[in-house]
Amino acid sequence: MKELKQRLEYFAKCLKEKEEYIDHYTMGKWEVEMAKVKEETMHEVGDMLLEILELDKKTFQNWLAQEEDE
C-alpha cells in the first residue's frame, strides 16, 4: 500500500509540474487557450490528488461516508 501511495504522489506531482507546449506563431488563438485550460486542469487534478493523499484514514473514511449519504 505504501508503494501505491508513493506512485500516486509522484503522479500528482507530475501533473502539477506539467507544462503544455504553446507556440504562439503556429497555434491559433483557440488552440493556445485550449492548451492553457488543459494545463490548468492537470494542475488542479494534481492538487486534489495530493490533498486526498494527505488525509488521515479517519478523515478519509468520514468523507467517504458523507459522500454515500448524499
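What counts and how
Residues numbered from 1 in each chain as written. Predicted model: local features only at pLDDT ≥ 70, side-chain atom pairs only at ≥ 80, totals over all residues. Heavy atoms only, no water. Salt bridge = Lys/Arg side-chain N within 4 Å of Asp/Glu carboxyl O. Helix = DSSP H or I, 4+ residues; strand = E, 2+ residues; numbered from the N terminus. Buried < 20%, exposed > 50% of the residue type's maximum accessible area, 1.4 Å probe, protein only.

Engineer: Which residues make up the pattern of salt bridges, and what values do they have?
Structural biologist: Under the defined criterion, the tally for this structure stands at five salt bridges. Between Lys-16 and Asp-47 there is a salt bridge, with its nearest N and O atoms 2.7 Å apart. Pair noted here: Lys-16 is in helix α1 (residues 2-17) and Asp-47 is in helix α2 (residues 29-54), with a separation of 31 residues, a long-range link. Among the residues examined, Asp-47 registers a relative accessible area of 36% and is labelled partly exposed. The salt bridge involving Lys-18 is made with Glu-20; its shortest N-O contact spans 4.0 Å. In this structure Lys-18 comes out as partly exposed when scored by relative accessible area, which is 36%. Each of the salt bridges in this network shares a partner with another, and the network as a whole consists of Lys-18, Glu-20 and Lys-38.

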